[in-house]
Amino acid sequence: MSRRREDIVIIGGGPAGLAAALAAREAGIRKVLILERDKELGGILNQCIHNGFGLHTFKEELTGPEYAEKYIQMVLEQQIPYMTNAMVTGIEVLENNDKCVTAMNKEDRLVEITAKAVILAMGCRERPRGALNIPGTRPAGIYSAGTAQYYVNMEGRMPGKEVVILGSGDIGLIMARRMVLEGAKVHCVAELRPYSGGLKRNIVQCLEDFDIPLYLSTTVSEIHGKERVEAVTLTRVDEHGVPISGSEWRVPCDTLLLSCGLIPENELTIGLGAQMDAKTGGPVVSEHLECSVPGVFACGNVLHVHELVDHVSAEAEKAGRFASEYVLASESKTCKSEVADASERREEGWE
Amino acid sequence: MKQYDVIVIGAGVIGCAIARELSRRERRIAVLERASDICEGTSKANSGIVHAGHDAMPGTMKARMNVLGNARMETLSKELDFPFRRNGSLVIMFEQEDILKLEELKARGEANGVQGLELLTPRQVWEREPNISREIAGALYAPTGGIVCTFGLTIALAENAVVNGVDFFLNHEVTEIIPPAKGAGSIAIGGYRVTAAGTQFEAPVVINAAGVCADLIHNMVSERKIKIVPRRGEYRLMDKNSGSMVDSTIFQLPSRLGKGILVTPTVHGNLLVGPTAEDIPDKEDVATTAEGVRKVMEMGAKSVPNLDGRQTITSFAGLRAHLVTEESKGSDFLIEEVADAKGFFDVAGIESPGLTAAPAIGEYVAELVNRAYPAPEKADFVSVRKGIPSMANATDEQRRILISKNPSYANVICRCELVTEGEIVEAIHRPLGATTLDGVKRRTRAGMGRCQSGFCSPKVVDILARELDVDKSVITKNGTYKGNQNSNILTGYTKGWQPKGEDNGKDVLKSSEKEVDYE
Ligand SMILES: Cc1cc2nc3c(=O)[nH]c(=O)nc-3n(C[C@H](O)[C@H](O)[C@H](O)COP(=O)(O)OP(=O)(O)OC[C@H]3O[C@@H](n4cnc5c(N)ncnc54)[C@H](O)[C@@H]3O)c2cc1C
Ligand SMILES: Cc1cc2nc3c(=O)[nH]c(=O)nc-3n(C[C@H](O)[C@H](O)[C@H](O)COP(=O)(O)OP(=O)(O)OC[C@H]3O[C@@H](n4cnc5c(N)ncnc54)[C@H](O)[C@@H]3O)c2cc1C
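Residues numbered from 1 in each chain as written. Chains lettered and ligands numbered in written order. Predicted model: local features only at pLDDT ≥ 70, side-chain atom pairs only at ≥ 80, totals over all residues. Heavy atoms only, no water.

On to the interface of chain A and chain B, then. Counting from both sides, the interface comprises 53 residues of chain A and, opposite them, 68 residues of chain B. Buried area between chain A and chain B, both sides added, is near 5100 Å², and the carbon and sulfur share of it is 52%. Taken as a group, A:Arg138, A:Arg157 and A:Glu227 account for 16% of the area that chain A buries against chain B, more than any other trio of residues on that side. Put simply, chain A and chain B have 6 salt bridges between them. Between A:Glu155 and B:Lys472 there is a salt bridge, with the nearest N and O atoms lying 3.2 Å from each other. Seen at the junction of chain A and chain B, the total is 20 residue pairs in polar contact (both at pLDDT 80 or more). When residues of the side of chain A that touches chain B are traced back to their parent elements, those giving at least two are strand E6 (87–93), strand E7 (99–105), strand E8 (109–120), helix H3 (129–132), helix H4 (145–155), strand E11 (157–158) and helix H5 (170–181) of chain A. (Contact = heavy atoms within 4.5 Å. Buried area = accessible area lost by both parts, 1.4 Å probe. Salt bridge = Lys/Arg side-chain N within 4 Å of Asp/Glu carboxyl O. Polar contact = N/O pair within 3.5 Å; in protein donor to acceptor, adjacent residues only side chain to side chain. Helix = DSSP H or I, 4+ residues; strand = E, 2+ residues; numbered from the N terminus.)

The structure is reproduced here in structure tokens:
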């Protein structure tokens, strides 16, 4: 087990975590550490190779990886330390109000880091099939759109050939175009609501330009196929989202992609005992982006799902500044009782 | 022709329990299973309840095997290292007039030898289980009720059988059985000739543990035909957030409204609600239905009103092997040497409480076989087995030790269930190791959590490909009776893909790819 001591630990190395780290460093905090469970920094942006990022922040249209790269470069220039392949498994509040963050990775094995403040930037995940409760069989060929995006954009592999997409959020729309460009047939996009949740430009550029039908007020009411998906049944729904019996039709396909919403990834936050907001799925925060647990800040998709990464970056900068203010304020307090504090720490075996 | 002393057909919990018990003696044993993995039938989709034993009629095989199996489960769970907890169960009733039925259940349980049964008032129930409906009129408490990991139990039995010399043949569907030829004085010459996947096996003893298909196997050798009807049960599995809504298993007293839906914690801390009961024609049809999952929720909420359907992380269905009999008194387990097929043993109609009964059925069938076909005891029988270490359940100290021995125990692959690379690699290289995503899932829980493998499946595919030394395009979700060629995760390559020759299974994108916006 290795132990470290930091001023601010940032959990998640996506756009939120990166911008927060930079802001904290700019505010004069020396000891900042980013923990990222993936093998590289950048978060979900790494797999978003389409463009449309950064119009606000950089006044130019970038792809996801390009946008991430700009922040990663700044983090490298500032020599802000980070650990990749490092999964944070728990956060605890210590008696003196410091936080103890436990992470695991192959190189450093188990790591315990004490910090004055923690910034939560864990992003979000996609809503899985189970949560949608689609009846039918459970064969291979059902993926969340983001998983399919990972296979295609990160691994160069195709998850299917004949595709139906449920949900018309931006990820679903972008994946419709992507799958077509890579040689698959996308039969349609079905959307439960009477309108699409995606950006207008994505509907035009990803569906209309490729003649992919978008069926509104429609859902997948059954999945067929024993081993691999063989077909799905689509059904029209009424204004309450209830399937209209008799309106079903069957679409043969080998793949169903689900793009039915994102859920902030808050296991750690809940474990910490922070108060949660049932509406956003994120923690309740003050105007300083501070959770109900003092010294714990949140930003980006872990707080609530953002449409644009530029907003994520802007929010994260604030979180970085507020966390820095918190650290500086607590430092001026601890100065007075420094002697006592240090001996206490030695006893606990920190450092 | 492969020669054996005993052939077991089916590698569900029953076939595996029997194989393990038979392996205590010196004999060659083959288990033939049509799926590409063990535990792919009913044994993977049930309630995971270790029933106390008050349901079955006194004197039936069901009653006997249930109570004995329940008694064995705890010791077995220690010997073979699988998750089991004696959490107690409650049968709740909603109408005071049902008290007679509850008393009858208690009397029946006592006749079956169930210890500690107790009738509780509503107040006593709420003290134990504050989330139970205020509408209840009382309950029967069974302290010996328990919960078990159904995969854990089945896989443990199978692994231990392998260690004791049993040969498993996966992807081996039995399609034909030719009974021994009769010589002078009807003495059998040779054994049963069993064809599976084009291979011939021969043994004087055959055990039919083919679950819902046990009738098809039986009818290959006997003139007295039997029929098994698949009775489907649908479930919802809820997020661990809901896992502590109840601590005991909550059954509903069967009433005019139906057989009732149970609500139970699982050994892994989720909440399970189900099952429905519906006779269906297709022995493979484990699809869920809109009606079924709706009913599960509606009926479950009668017991636990705060049940939240939005916490569902998956739904699934399993098939009970319901033996159709002429008598109206309900069907019993059929465990016997078939009258017109000497050496052929049926273990059929093993519906609930088959999982509970498995350890007892294993012992009982071994006794039947030992009596008719004796064999010397094995001096070196290995009775214990160690499971795959679980990082999720390990203490900090245990984690430290595991990681210091093998750093891949620090590489988290499944974030929801905290499963690491070390566990997955071990699951692949064990006896009867995992070869599919579902195989890894059943052995380690990777992909069983709230995101249902969205996050970890690409990583697990990579590890499987690397460890099995194959390209990841051949990795499948599961293997059904046709083998596992059709449930592939990946169907091909993108246009920009280029294999990196020497680096099998770890292909990379062209380096230029991320920079160009080639859409
Ligand atoms: C398909 C898709 C298309 C999009 N298109 C656009 C677009 O066109 N324009 C636009 O502006 N925005 C777009 N977005 C939105 C934008 O990408 C997100 O809003 C942004 O990435 C969110 O940033 P984040 O840092 O909050 O989360 P993420 O990028 O998800 O980063 C969170 C990071 O935290 C890490 N992490 C999580 N838990 C732990 C833990 N326990 N320990 C260690 N690390 C952890 C994760 O691995 C991840 O790297 C798109 C998003 C998607 C998914
Ligand atoms: C909805 C439901 C809930 C249940 N709940 C409980 C419970 O809570 N507690 C309890 O004690 N019991 C319960 N049970 C019962 C329990 O699950 C079963 O009794 C038990 O799993 C049966 O095991 P098995 O090995 O006989 O069958 P299976 O697990 O189905 O195994 C049979 C095997 O035979 C193989 N096979 C079939 N045909 C062939 C062939 N021709 N060649 C080769 N192999 C073949 C199959 O592939 C399969 O793997 C429940 C059952 C259901 C359906």
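Attention shifts here to the side chain of B:Ser89. Looking at the secondary structure, you find B:Ser89 in strand E6 (residues 89–93). Dropping the residues within four chain positions of it, B:Ser89 is found in contact with B:His54, B:Leu140, B:Tyr141, B:Ala142, B:Gly145, B:Ser248, B:Thr249 and B:Phe251.

For the rest of this paragraph, the subject is the site of ligand 1. All names here are of chain A. Around ligand 1 lies a shell of 34 residues, among which Ala16, Glu36, Ile44, Asn301 and Val309 are the nearest. Within the contact set of ligand 1, an oxygen atom lies 2.9 Å away from a backbone nitrogen or oxygen of Ile44. Within the backbone of Ala121, an N or O atom sits 3.4 Å from an oxygen atom of ligand 1. The protein chains hide 93% of the 1000 Å² of surface that ligand 1 would expose on its own. Of all the secondary structure elements, the ones that give two or more residues to the shell around ligand 1 are helix H1 (15–26), strand E3 (51–53), E6 and helix H8 (309–336). Per element, the largest residue contribution to the shell around ligand 1 is 3 residues, and it comes from H8. Broken down by class, the residue content of the shell around ligand 1 amounts to 18 nonpolar, 11 polar and 5 charged. (Near = heavy atom within 4 Å. Areas by Shrake-Rupley, 256 points an atom, 1.4 Å probe, with all protein chains shown as cover. Nonpolar A, V, L, I, M, F, W, Y, C, P; charged D, E, K, R; others polar.)

Residue and element names in this part refer to chain B. Around ligand 2, 38 residues are found, and the nearest of them are Glu33, Ser43, Ile49, Ile350 and Thr356. A distance of 3.0 Å separates an oxygen atom of ligand 2 from a polar side-chain atom of Arg34. Contact between ligand 2 and Ser47: a nitrogen atom at 3.2 Å from a main-chain N or O atom of the residue. Taken by itself ligand 2 offers 1000 Å² of open surface, and the protein chains cover 97% of this. Elements that contribute at least two residues to the shell around ligand 2 include exactly helix H1 (13–22), strand E17 (228–238), strand E22 (312–323) and helix H8 (354–372). Residues belonging to the shell around ligand 2 are distributed by class as follows: 17 nonpolar, 16 polar and 5 charged.

Further remarks concern the sheet that holds strand E4 (residues 49–50) of chain B. Spatially, 3 strands are ordered E4-E9-E5 (chain B) in an open sheet, and the strand pairing comes out antiparallel. Edge positions in the sheet fall to E4 and strand E5 (84–85) of chain B, since each of these pairs with one other strand and no more. (Pairing = 2+ DSSP bridges.)

The full count for this structure, using the stated rule, is 11 aromatic pairs over all chains. A centroid spacing of 5.8 Å and a plane angle of 65 degrees characterise the contact between A:Phe58 and A:Tyr71, whose relative ring orientation is edge-to-face. In this pair, A:Phe58 is assigned in the loop between E3 and strand E4 (62–63) and A:Tyr71 in helix H2 (residues 64–77), connecting sequence segments 13 residues apart. We classify A:Tyr71 as buried; its relative accessible area is 4%. On the numbers, 5.9 Å between centres and 55 degrees between planes, the contact of B:Tyr192 with B:Phe344 is tilted. Of this pair, B:Tyr192 sits in strand E14 (residues 192–196) while B:Phe344 sits in strand E24 (residues 344–348); the two residues are 152 residues apart in sequence, bridging distant segments of the chain. Through successive ring pairs, a cluster of aromatic residues spans A:Phe58, A:Tyr67 and A:Tyr71. Of note, A:Lys70 hangs over the ring of A:Phe58, and the distance from its end group to the ring centre comes to 5.0 Å. Of note, B:Arg134 hangs over the ring of B:Trp126, and the distance from its end group to the ring centre comes to 4.3 Å. (Phe/Tyr/Trp six-rings, centres within 6.5 Å; stacked < 30°, edge-to-face > 60°. Buried < 20%, exposed > 50% of the residue type's maximum accessible area, 1.4 Å probe, protein only. Lys NZ or Arg CZ within 6 Å of the ring centre and 35° of its normal.)

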